[in-house]
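Examining the three-dimensional arrangement
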Amino acid sequence: MRKFIIVLIVLFVIWGIPGCTKGEEKSLFNAGIYEGSAAGGYEDEVRLEVTFSKNKIRDIRIIKHKETKGVSDAAFARIPNAIIEKQSLDVDIVTGATYSSNAIIDAVKDAVEKAGGDVSALMAKQESAKPIEKGLKSMEADVIVIGAGGAGLAAAVSAHQNGASVIVIEKMPIVGGNTIICGASYNAVDPSRQKPLGIEDSTDKHFKQTYEGGDKLGKPEMIRVLVDNAYPAIQWLEGLGMEFRDITFTVLGGLWPRAHKPVMPLGTGFITTYMDYINSHDDIEVLVDTKAVKIIKENGRVTGVVADTPENKITFKANKGVVIATGGFSSNIAMRDKYNKMWPELTRMKTTNHAGAMGDGLILAEAVGANLIGLEHIQLLPMGDPETGSLLGNIEQNVENRIFVNKNGNRFVDEGARRDVMTLALLNQEDSYMYIILDTHSYPSEDVKNNFNESMTELLSKGKAVKASSLEELAAKINVDPENLKNAVDSFNKSVDSGKPDLFGRTLYQDRIDKPPYYAGARKPTVHHTMGGIEINTEAQVLDKNGNIIPGLYAAGEVTGGIHGTNRLGGNALPDITVFGRIAGKSAALTR
Ligand code: FAD
C-alpha cells in the first residue's frame, strides 16, 4: 500500500509540474538559483538562496537572518541539510528552535514556488525512513542493520545488492548520524584526479601514513583493506549516482592531497545516494525512532535485535546477520571520561558530533561477548568553534594555504601535522585559543564556501571570520601583536618560496599569504572522533575476547576499533565507513 501511495505521489508530481508535458523528460523544477524569504521569529526575515537542478534541491544558502544565536544555530545547521537529504519539505522541526525552523522551511517553500516546484507535493513526499507502526511486535529480514549513518546505509545497500532483504533501524527521528553533518573529505589514491594536479601518490604511501600516523597501533591487514578499497568504493558510490568533484586536496591532519569532495554539500551526497537506492527498491527499508537496546544471541549465534520505539518494544529477527553501525561515542561525556587516557581533561570540552553519538553499539556488542579495543584513543581537533565546539564557522580550506597563530600572534606548530600533534600544541597556548590566518588564495571570492557549505560572506556576517586589508589591521581586529603576526606570515612566506621544512618541520605549502584581503577565524580544541571500538576482522565479522568470530554479528564504521590506532588521519573515516560498511553488508548477506 505504501509503495502504491508513493507511485501515486510520484505520478502526481510528474503531471502536476509546470513545464513538464507528456512525453518530455520529467522535471520537478526549473533549474537555477532562486531566492526565498519568510518572516523570522524576531521581527526580521530569513532570506536564503536555493539551487535547483531539474529534479533536485541541490543547495540551500542562508543569506540573511537575525535569529537568536545559540538558540537558532541547530536549526540553521540541520534544517537545510535535512531538506536536501530528504528532498522534502516535510522535515523535523529542531526542538527549542521552532520559529527559526519554520522560517527556514517557509523561505525554502517560497524559493520552490519561484522555481516552478510543487510545494504540496514536496510537503507530502514521504521517505521510506518512517516511524514504526503502532502495535507491531516483531519484524523479520535477512539482515538487520543498527544505525542509519554512512556505515549502516552502505551495509544495507551492499547487503541488498547481494540478495538480502534488509531492515535498518535508527534511533533518531532522521537518518544520517555524523555522516550527514561531516565535512565529506574522503581519502583515496586516485591517479585520474591526482595526476592532472601533479600529485604523486600510491596505496603504499596511504598505508604508511595511516599506519605511522596512528603510532603503528592500527592492524596492518585492516589498513591494507582500507587503502586498497577506498577508490573502488568511490566508484561504487558513483555507480549509485553520487557525484564527486574533479579535485583532490589535503584536509586537516590528512597529511597528503588525496581528499575527494562530493558535489553535494557536507555529507548529504552519501546519505541521499543511499536513500535514493533504498526508496527505489523493494525488501529494504529504514525505520526511524527505533533504538536498539539488545542483541539477541541464541545457541552461540546472533539472531536478532530488540528495539524500543515511542510506541512499543519490537523484536527484529535476522535470518542471516546483524550489522552494528552505531557510530562513535564523542557525545557521551561519561564514556569519554571512563576511557580517556590521552588527554588531561575532556569533561568540559565540547564536541563536533551529533547528539546520537553515545557509544550504544559498544554496550550492545559487549553484552554478547564482543572484544572492544583501543577505547582510550580519542581524537581532538584544534578546529572547534570557541563557543559550541562545532566545525561550522571554520574558515580553512586546504592545509597548504593557512597558518595558525596564538593570542600573541605567534605560530606554534606545523599546521600540516597530525591532528593529535596540533591539538596538543594548541592546549599549551594561552586559553588553548588560536586564529587561522589566510588570504584570497583560499577565498578568490567571498562566495567561495568552506568545507561546511558556508561562504565567506556568511562567515563574516556570522562573526566567524574577521577581514582586513593589511596584516596590521587584521592584528588590531583580533587583538594580537602586529609585529608578531607580520613575522609569522613573513617566515611562512619564506618557507613557501624555499619549499624547505620550516622550524616546526612543516612541509606542506602551496601559495604565499600575501594577497589581501586577509582573514582570521578563532578556534579551540574539540572532541571529534573515537578510534577504538568493536574488534572486527577483514570480513567485518565481530570477534570475541578470544579472537573467535561471533556467528551472525558484523560491525562497521566508527563503532569499530583497530584501524586508525592512536590517531585517525583526516579524511580516512569516510573511506573506512564506506569500505567496511560495504564489506559488512556483503558478508552478512552471504552468510550461511
Ligand atoms: P554515524 O554516521 O554517526 O551513524 C551512526 C548512526 O547510528 C546514527 O544515525 C545514530 O543515531 C545511530 N544509532 C546510534 N545508536 C543507535 C541505537 N542504539 N539504535 C539505532 N540507531 C543508533 N571524516 C572524514 O573522513 N572526512 C571528513 O571530512 C569528516 N568530517 C567530519 C565533520 C564532522 C562535523 C564530524 C562530526 C565528523 C567528521 N568526520 C569526517 C568523521 C566521520 O564523519 C564519521 O566518523 C563517520 O561519519 C561515522 O559514520 P558511522 O556510520 O560510523 O556513524
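Here's a quick rundown of the structure. (Residues numbered from 1 in each chain as written. Predicted model: local features only at pLDDT ≥ 70, side-chain atom pairs only at ≥ 80, totals over all residues. Heavy atoms only, no water.)

Around the ligand, the surrounding shell holds 41 residues, and the nearest of these are Ala 151, Glu 170, Thr 179, Ser 185 and Glu 558. Starting from 1,000 Å² of accessible surface for the ligand in isolation, the protein chains cover 98%. Those elements that provide at least two residues to the shell around the ligand are helix 5 (150-161), helix 6 (177-181), strand 10 (291-298), strand 18 (518-530) and helix 17 (573-590). With four residues, helix 6 is the single largest residue contributor to the shell around the ligand. (Near = heavy atom within 4 Å. Areas by Shrake-Rupley, 256 points an atom, 1.4 Å probe, with all protein chains shown as cover. Helix = DSSP H or I, 4+ residues; strand = E, 2+ residues; numbered from the N terminus.)

Attention now moves to the packing of aromatic side chains. What the rule picks out here adds up to eleven aromatic pairs. Judged by centre distance (5.6 Å) and plane angle (70 degrees), the rings of Tyr 433 and Tyr 435 are edge-to-face. Ring pairing ties together the aromatic residues Phe 29, Tyr 34 and Phe 52, which thus form one cluster. Sitting above the plane of the Trp 256 ring, Lys 205 keeps its charged end 3.9 Å from the centroid. Here Lys 407 stacks its cationic end above the ring of Tyr 433, 4.7 Å away from the centre of that ring. (Phe/Tyr/Trp six-rings, centres within 6.5 Å; stacked < 30°, edge-to-face > 60°. Lys NZ or Arg CZ within 6 Å of the ring centre and 35° of its normal.)

Here we come to the pattern of salt bridges. Under the definition given, this model contains 34 salt bridges. The salt bridge involving Asp 490 is made with Lys 486; its shortest N-O contact spans 3.4 Å. Of the two residues, Asp 490 and Lys 486 both sit in helix 16 (residues 482-498), four residues apart, roughly one turn of that helix. Taking the relative accessible area as the measure of exposure, Asp 490 reaches 31% and is therefore partly exposed. Here Lys 486 falls in the partly exposed class, since its relative accessible area comes to 31%. In this structure, Arg 512 and Asp 497 form a salt bridge, with 2.6 Å as the shortest nitrogen-oxygen distance. Pair noted here: Arg 512 is in the loop between helix 16 and strand 18 and Asp 497 is in helix 16, with a separation of 15 residues, a long-range link. (Salt bridge = Lys/Arg side-chain N within 4 Å of Asp/Glu carboxyl O. Buried < 20%, exposed > 50% of the residue type's maximum accessible area, 1.4 Å probe, protein only.)

We now examine the sheet that holds strand 2 (residues 45-52). With antiparallel pairing, three strands are arranged side by side in an open sheet as 1-2-3. The open sheet terminates on both sides in strands that have one partner only, identified here as strand 1 (32-39) and strand 3 (57-64). With strand direction ignored, the average angle separating the axes of adjacent strands in the sheet is 25 degrees. For strand 2 and strand 3, the ladder comprises six bridges, and the chain directions are antiparallel. Its bridge partner lying in strand 3, Leu 48 is registered against Ile 62. Along the sheet face, helix 2 (residues 73-86) touches strand 2 and strand 3 and points at about 155 degrees away from the line of strand 3. Lying over the sheet, helix 3 (residues 98-114) contacts strand 1, strand 2 and strand 3, oriented at roughly 140 degrees with respect to strand 1. (Pairing = 2+ DSSP bridges. Axes fitted to C-alpha atoms, helices over the stretch in contact; angles between N-to-C directions. Contact = heavy atoms within 4.5 Å.)

It is worth spelling out unusual backbone geometry at this point. A negative phi angle characterises most non-glycine residues, just as the trans form characterises most peptide bonds. Cis geometry marks the peptide bond from Pro 516 to Pro 517; its omega dihedral reads 5 degrees. With respect to the helices and strands, the residue Pro 517 is situated in the loop between helix 16 and strand 18. Positive phi, normally seen in glycine, also occurs at Ala 184, with a value near 70 degrees. Summarising the element assignment, Ala 184 is placed in the loop between helix 6 and strand 7 (186-187). By relative accessible area, Ala 184 is classed as buried at 2%.

In this section: empty space enclosed by the protein. Tallying each qualifying case throughout the model produces two cavities of 30 Å³ or more. Of the volumes computed, that of the largest cavity is approximately 60 Å³. Lining the largest cavity are Ala 77, Arg 78, Asn 81, Ala 82, Glu 85, Ile 174, Val 175, Ile 180 and Ile 181. Elements that contribute at least two residues to the lining of the largest cavity include exactly helix 2 and helix 6. Here the element with the most residues in the lining of the largest cavity is helix 2; it accounts for five residues. Among the residues forming the lining of the largest cavity, the class breakdown is six nonpolar, one polar and two charged. Computed from the structure, the second largest cavity encloses a volume of approximately 30 Å³. Lining the second largest cavity we find Arg 78, Glu 170, Met 172, Ile 174, Gly 176, Gly 177, Ile 180 and His 354. The class makeup of the residues in the lining of the second largest cavity is three nonpolar, three polar and two charged. (1 Å grid on protein atoms, 1.4 Å probe; cavity = no way out; pocket = protein on both sides within 12 Å on 5 of 7 lines; lining within 4 Å. Points joined across faces, edges and corners; volume = space filled by probe spheres on them. Nonpolar A, V, L, I, M, F, W, Y, C, P; charged D, E, K, R; others polar.)

With that settled, consider helix 9 (residues 220-239). The periodicity of an α-helix, 3.6 residues per turn, causes residues three or four places apart in sequence to face the same way. Over its 20 residues, helix 9 runs 29 Å from end to end, which matches the ideal 28 Å to within 8%, given 1.5 Å per residue. Maximum bend of helix 9: about 45 degrees, positioned at Ala 230, with proline Pro 232 one to four residues after it. Within the span of helix 9, buried status applies to Met 222, Ile 223, Val 225, Leu 226, Val 227, Ala 230, Tyr 231, Ala 233, Ile 234, Trp 236 and Leu 237. Downstream of helix 9 by one or two residues, Gly 241 has phi in the positive range, about 110 degrees. (Expected span 1.5 Å × (residues − 1). Bend = angle between axes of the 7 residues up to and from the residue.)

All right, on to the nonpolar core then. Grouped together as the largest cluster of nonpolar side chains are 93 residues, with contacts concentrated most on Phe 316, Ile 534 and Phe 580. It is helix 9 that provides the largest number of residues to this core, a total of nine residues. With near-sequence residues (within four places) excluded, Ile 534 lies in contact with Ile 324, Gly 361, Leu 362, Ala 365, Ala 370, Asn 371, Leu 372, Val 542, Ala 555, Val 559, Thr 560 and Gly 561. Counting 31 residues, the second-largest nonpolar core is a separate cluster that includes Ile 60, Val 94, Ala 107 and Ala 111. (Core = buried A, V, L, I, M, F, W, Y, C linked by side-chain atoms within 4.5 Å.)

Below, the discussion takes up the sheet that holds strand 19 (residues 533-535). Strand order in the open sheet formed by three strands is 13-19-22, and the pairing between neighbours is mixed. Taken across any chain shown, the strands that pair with only one partner, and hence form the sheet edges, are strand 13 (372-373) and strand 22 (560-561). In this sheet, strand 22 lies alongside strand 19 in parallel orientation, the contact comprising two bridges. Paired with Glu 535 across the bridge in strand 22 is Gly 561. Helix 12 (residues 360-367) rests against strand 13 and strand 19 of the sheet, and its axis sits at about 35 degrees to strand 19.

Here we come to the environment of Val 489. The residue Val 489 is located in helix 16 in this model. Since its relative accessible area comes to 1%, Val 489 is described here as buried. Expressed as a C-alpha distance, the spacing of Val 489 and Glu 376, which sit 113 residues apart in the sequence, is 37 Å. Not counting the four nearest positions on each side in its chain, Val 489 is found in contact with Ile 403, Leu 471 and Ile 513.

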